[in-house]
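Breakdown of the fold
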Amino acid sequence: MSAALDDAAALAAQLLARRWLPRSHPLVRRALIDTDVWTALSERLAAVGLRVIDNLYADHISVAMLRPAEVAVFGETGLAANNNLDLPRDGVALLVILWSLIVLPKRQRQVARADAKEAGQNEMFATDKPLPTAASVSPTLSYRSLLVDFGNQLGKKMRLDSNLKLLERNGFITRRGEDIAEGPLLDLLLDYDTLAPRILDGALADVLARSTDLLAAPAIAALRRNQEEEIQEEITTITPEQD
């Protein structure tokens, strides 16, 4: 057995045992730069109906089921459910709100840093600044602000506390005293490209922008302005000039 397959087997076993691993883990770092290891890891996981979940903007990697495995394990009824973690409806609602208030502002900061790096590449003395880690730019939410802003809609304090514990246990968030921070799976298991437009284009964005959290609300408002400006530019571009 080759060394590449040995590393892939060890990494697959650790992912199955721990559910997620940081990108800084030696085997993860090896897989991310070595195509042979990554391919072998993907093949080994696919053999048991799993796939690697990786996201450049997240600090961890994880595993999820392939679609045929989901059908085999959960059946059509399970696939029609809003989740397969037994989260209650208000727990799912809380998860979406936390994702919006943490991941959307974080992604804005990461993309802004990446854009600044790209713009600086043409400068004579530009320095190479890598994409900032999630931990360095991910905002924390005030529990008290969350309770004031969304407590009534999410079952008040008892239900909110219960669902926060459930989300923490499943790796979506971490708690730092009175603050709520991004967990290993928050930016991995929720699809940004699908969820972000639905939130920013919907009524939820107005609700989120009125949050009393000092970091999240301005970031959500800025994202909406940027999106509206991009849409307006697209409309201007495709509209024929008038003679």
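As the structure is a computational prediction, the values presented were derived from the model and not from experiment.

1. Looking at the overall build of the protein
When you go through the protein residue by residue, the secondary structure sums to eleven helices and six strands. Scored against the burial criterion, the 243 residues of the protein give a buried share of 41%. For the protein, the exposed surface amounts to about 14200 Å²; the carbon and sulfur share of it is 54%.

2. Focus on the sheet that holds strand β3 (residues 60-65)
Two pairing modes exist for strands in a sheet, parallel and antiparallel, and in both the strands are linked by backbone hydrogen bonds. Strand order in this open sheet of three strands is β1-β3-β2, and the pairing throughout is antiparallel. Only two strands of the sheet have a single neighbouring strand rather than two, namely β1 (20-22) and β2 (50-53). Adjacent strand axes in the sheet meet at a mean angle of 25°, parallel and antiparallel pairs treated alike. Across the sheet, helix α3 (residues 35-46) touches β2 and β3, and the angle it forms with β2 is around 140°.

3. Observations regarding the environment of serine 24
Tracing the sequence through the fold places serine 24 in the loop between β1 and α2 (26-33). On the basis of relative accessibility, which here comes to 52%, the residue serine 24 falls in the exposed class. Each C-alpha atom of the pair serine 24 and histidine 60 lies 8.2 Å from the other, and the pair is 36 residues apart in sequence.

4. Structural notes on helix α7 (residues 143-150)
Among the residues of α7, Tyr143, Ser145, Leu146, Asp149 and Phe150 are the ones counted as buried. Across the axial projection of α7, the buried residues extend over an arc of 160°, all falling on one side. Seen from the open side of α7, the exposed residues pointing more than 90 degrees away from its buried face are Arg144 and Val148.

5. Considerations on the confidence of the model for the protein
Summing up the model confidence of the protein, the mean pLDDT is 83 and the portion of residues at 70 or higher is 84%. Low pLDDT (under 50) marks residues 124-128, which in the prediction has three contacts with non-local residues, meaning those over four places away or in another chain.

6. Details of the packing of α7 against helix α8 (residues 156-169)
Viewed as axis vectors pointing N to C, α7 and α8 meet at an angle of 125°, and their least axial separation amounts to 10 Å. Overall, the two elements α7 and α8 adopt an arrangement that is oblique. Along this stretch, α7 crosses α8, giving a crossing that reads as right-handed. Note on element contacts: α8 touches α7 through Lys156, Lys157, Leu160, Asp161 and Leu164, opposite Tyr143, Leu146 and Leu147. Of the residues in the contact of α7 with α8, the class split is five nonpolar, no polar and three charged.

7. As for the packing of α2 against α3
Running from N to C, α2 and α3 cross one another at 105°; their axes reach a closest spacing of 5 Å. Classified by the angle their axes make, α2 and α3 are roughly perpendicular. Mapping the contact onto sequence places Arg30, Ala31, Leu32 and Ile33 in α2 and Thr35, Val37 and Trp38 in α3. Here the contact of α2 with α3 is built from residues that sort into five nonpolar, one polar and one charged.

8. A closer look at the nonpolar core
Membership of the largest hydrophobic core comes to 39 residues, with the highest contact counts inside it found for Leu98, Trp99, Leu104, Leu146 and Leu164. Going through the elements one at a time, α5 (89-120), α7, α8, α9 (192-200) and α11 (216-238) are the ones with two or more residues in this core. When residues in this core are grouped by element, the largest group, ten residues, is from α5. When neighbours within four sequence positions are excluded, leucine 146 is seen to be in contact with Leu94, Ile97, Leu98, Gly151, Leu160, Leu164 and Ile180. Core analysis: the next-biggest nonpolar cluster, separate from the first, contains 16 residues, Leu11, Leu27, Ala31 and Ala40 among them.

9. Topic: the pairing of β2
Two elements, β2 and β3, share four bridges in a ladder whose sense is antiparallel. Within β3, the residue paired with leucine 50 across the bridge is methionine 65. Counted between consecutive antiparallel strands, the loop separating β2 from β3 contains six residues.

10. Section: the sheet that holds strand β5 (residues 173-176)
In space, the three strands of this open sheet follow the order β4-β6-β5, with antiparallel pairing throughout. The sheet is open, and its two edges are formed by β4 (141-142) and β5, each paired on a single side. As defined by bridge partners, β4 adjoins strand β6 (residues 179-182) across two bridges and the pair is classed as antiparallel. Looking across to β6, one finds that leucine 141 is bridged to isoleucine 180. The strands that α8 touches are β5 and β6; relative to β5, the one it contacts most, it runs at about 115°.

Parameters at a glance
Residues numbered from 1 in each chain as written. Predicted model: local features only at pLDDT ≥ 70, side-chain atom pairs only at ≥ 80, totals over all residues. Heavy atoms only, no water. Helix = DSSP H or I, 4+ residues; strand = E, 2+ residues; numbered from the N terminus. Buried < 20%, exposed > 50% of the residue type's maximum accessible area, 1.4 Å probe, protein only. Areas by Shrake-Rupley, 256 points an atom, 1.4 Å probe, with all protein chains shown as cover. Pairing = 2+ DSSP bridges. Axes fitted to C-alpha atoms, helices over the stretch in contact; angles between N-to-C directions. Contact = heavy atoms within 4.5 Å. Arc of directions from axis to C-beta. pLDDT = per-residue confidence, 0-100. Parallel < 35°, antiparallel > 145°, perpendicular 65-115°, else oblique. Left-handed = near helix turned anticlockwise from the far one by under 90°. Nonpolar A, V, L, I, M, F, W, Y, C, P; charged D, E, K, R; others polar. Core = buried A, V, L, I, M, F, W, Y, C linked by side-chain atoms within 4.5 Å.

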